[in-house]
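Below, each chain spelled out in residue letters.
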Amino acid sequence: MKVNNILLAFILILPPSLFGILSFETPVIEDTISSETASYDFSFAFKNTGKNTVEIKNISTTCGCTVAKNDKAAYGPQESGEIRGTFTIGDRTGIQEKDIYLETNDLGQSKIKLLLKINIEKDIEFKPSLIFWKKNEDAKEKSVRITLNNAEYISAESDNSNFNVSDPIKGTSGKDLALKVSPTTTAESKRGILKVRYKTKSGAEKNSIVHLLVK
Amino acid sequence: MKKFLVLVLVAAIIGALNFVINPKRPAFGLEADEITVESALSFSGKCIIIDARPPKEFAESHLSGAINLPEENFDEHVGNFLDAWIPGQKIVIYCSSSSCNSSRSIANRLRDEFEIENIFILKGDWREWKQ
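### With respect to the interface of chain A and chain B
Working step 1: Across the contact, 25 residues belong to chain A and 28 residues belong to chain B.
Working step 2: In this assembly, chain A packs against chain B so that about 2400 Å² is buried in total across both faces, 53% of it on carbon and sulfur atoms.
Working step 3: When the buried surface of chain A facing chain B is broken down by residue, D91(A), R191(A) and K215(A) rank first, second and third, together holding 22% of it.
Working step 4: Where chain A touches chain B, the interface holds five salt bridges.
Working step 5: If you look at where chain A meets chain B, you find 14 residue pairs in polar contact (both at pLDDT 80 or more).
Working step 6: Secondary-structure elements contributing two or more residues to the side of chain A that touches chain B are α1 (2-12), β8 (94-104), β11 (130-133) and β18 (205-214) of chain A.

What follows is the structure, given as structure tokens:
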């Protein structure tokens, strides 16, 4: 009984390094990419710096947009490996944080969290992306500020005749401009889209939209 | 048996101390804009519910009255949300599980780009709300 207790106490205070341990070069990947990027491939390199073989039992992510897998199932002591994956961008913009969880058979490190932190730069930004009038308020002009990060402005128009759009007003920085928009009336609810056409650095012509709403 | 319990107690104390002093300990509290299923239930019908999961998962099952606004097809779906949006009304966003972050991303976009307020993120399993 006494021997069992001593053994149990020994196991409870064992340092993790006596089990297997997956040491990652970095558990966080940070990067900045263009919004024209369709998908982002990543790789987390690691080494088993423990004394025992570690088996990766499962890999899960917090987003269906991120797929990750290991190059083999088990890693012996001092063996290196990689968790490779792909993050599909879609309409995502700005800073994106996607978690990747590894489950191992190791008692000292059963769950490992990796983080993908990607800043998806926008070619063109609007402030705000929604111009809103309350029903029956004055049908006054409201502004949207456009910042051209990696783009050249071409044109802007409303998708319907319920909203008027001014010519662009250039800002001082040369990278920004403003448009003034007004509804023909606020007597009834209506929704519109302000389509802004621009050219990207690669020469492709694209549309981006600002939503217009009377409600 | 008594000795075993003493050992477990000692291990628990060591674990608790580690939790107190470890700078990388997990956060269990809710952020200011996060709500539990219990709190969301108190909004009963007075809020707009956004389902931030991919369209395929939304088609399989979702909360009654929820509007699908996924990250990957945000531009395509945001018009449906604006049609349903009532200014000033509370908005509750959920995604697959309590650890998913799509609802956080959608909340940030609606706040930062659309300047919409009163947005809450559901922490916990949305299926509990369904029940």
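Anyway, onward from the coordinates.
### Here we look at a nonpolar patch on the surface
Working step 1: A cluster of nonpolar residues, M1(B), F4(B), L5(B) and V8(B), forms a patch on the protein surface that exposes about 390 Å² of accessible area.
Working step 2: For L5(B), a relative accessible area of 49% corresponds to the partly exposed category.

### Some thoughts on the confidence of the model for chain A
Working step 1: Of the residues in chain A, 91% reach a pLDDT of 70 or more, and the chain-wide mean stands at 90.
Working step 2: Per-element confidence in chain A is highest for β11(A), whose mean pLDDT is 98, and lowest for α1(A), whose mean pLDDT is 57.

### Describing the pattern of salt bridges
Working step 1: Throughout the structure, instances matching the rule amount to 17 salt bridges over all chains.
Working step 2: With a shortest N-O distance of 3.2 Å, K122(A) and E113(B) are connected by a salt bridge. One end of the pair, K122(A), is in the loop between β9 (111-121) and β10 (124-127); the other, E113(B), is in the loop between α5 (102-112) and β5 (119-122), on a second chain.
Working step 3: Judged by relative accessible area, K122(A) falls into the partly exposed class, the value being 21%.
Working step 4: Taking relative accessible area as the criterion, E113(B) reaches 12% and is therefore assigned buried.
Working step 5: With a closest N to O distance of 3.2 Å, R109(B) and E113(B) form a salt bridge. Per residue, the accessibility class of R109(B) equals that of E113(B), and both read buried.
Working step 6: Here the residues in one salt-bridge network are R92(A), K98(A), E71(B) and E72(B), joined through shared partners.

### Concerning the state of the cysteines
Working step 1: Applying the stated rule across the entire model yields two disulfides over all chains.
Working step 2: Each sulfur in the disulfide pair C63(A) and C65(A) lies 2.0 Å from the other. The S-S bond linking C63(A) to C65(A) shows a torsion near 130°; that makes this disulfide right-handed.
Working step 3: For C65(A), a relative accessible area of 5% gives the class buried.
Working step 4: For C95(B), the disulfide goes to C100(B), at an S-S distance of 1.8 Å. Here C95(B) and C100(B) share a disulfide; its torsion about the S-S bond, 90°, makes the bridge right-handed. Exposure class is identical for C95(B) and C100(B). Each is buried.
Working step 5: The cysteine C47(B) is free of any disulfide, with C95(B) supplying the nearest cysteine sulfur at 16 Å.
Working step 6: Relative accessible area serves as the criterion here: at 12%, C47(B) is assigned to the buried category.

About the cut-offs
Residues numbered from 1 in each chain as written. Chains lettered and ligands numbered in written order. Predicted model: local features only at pLDDT ≥ 70, side-chain atom pairs only at ≥ 80, totals over all residues. Heavy atoms only, no water. Contact = heavy atoms within 4.5 Å. Buried area = accessible area lost by both parts, 1.4 Å probe. Salt bridge = Lys/Arg side-chain N within 4 Å of Asp/Glu carboxyl O. Polar contact = N/O pair within 3.5 Å; in protein donor to acceptor, adjacent residues only side chain to side chain. Helix = DSSP H or I, 4+ residues; strand = E, 2+ residues; numbered from the N terminus. Patch = residues over 30% accessible without salt bridge, like charges linked within 9 Å, V, L, I, M, F, W, Y side chains within 5 Å. Areas by Shrake-Rupley, 256 points an atom, 1.4 Å probe, with all protein chains shown as cover. Buried < 20%, exposed > 50% of the residue type's maximum accessible area, 1.4 Å probe, protein only. pLDDT = per-residue confidence, 0-100. Disulfide = S-S within 2.5 Å.

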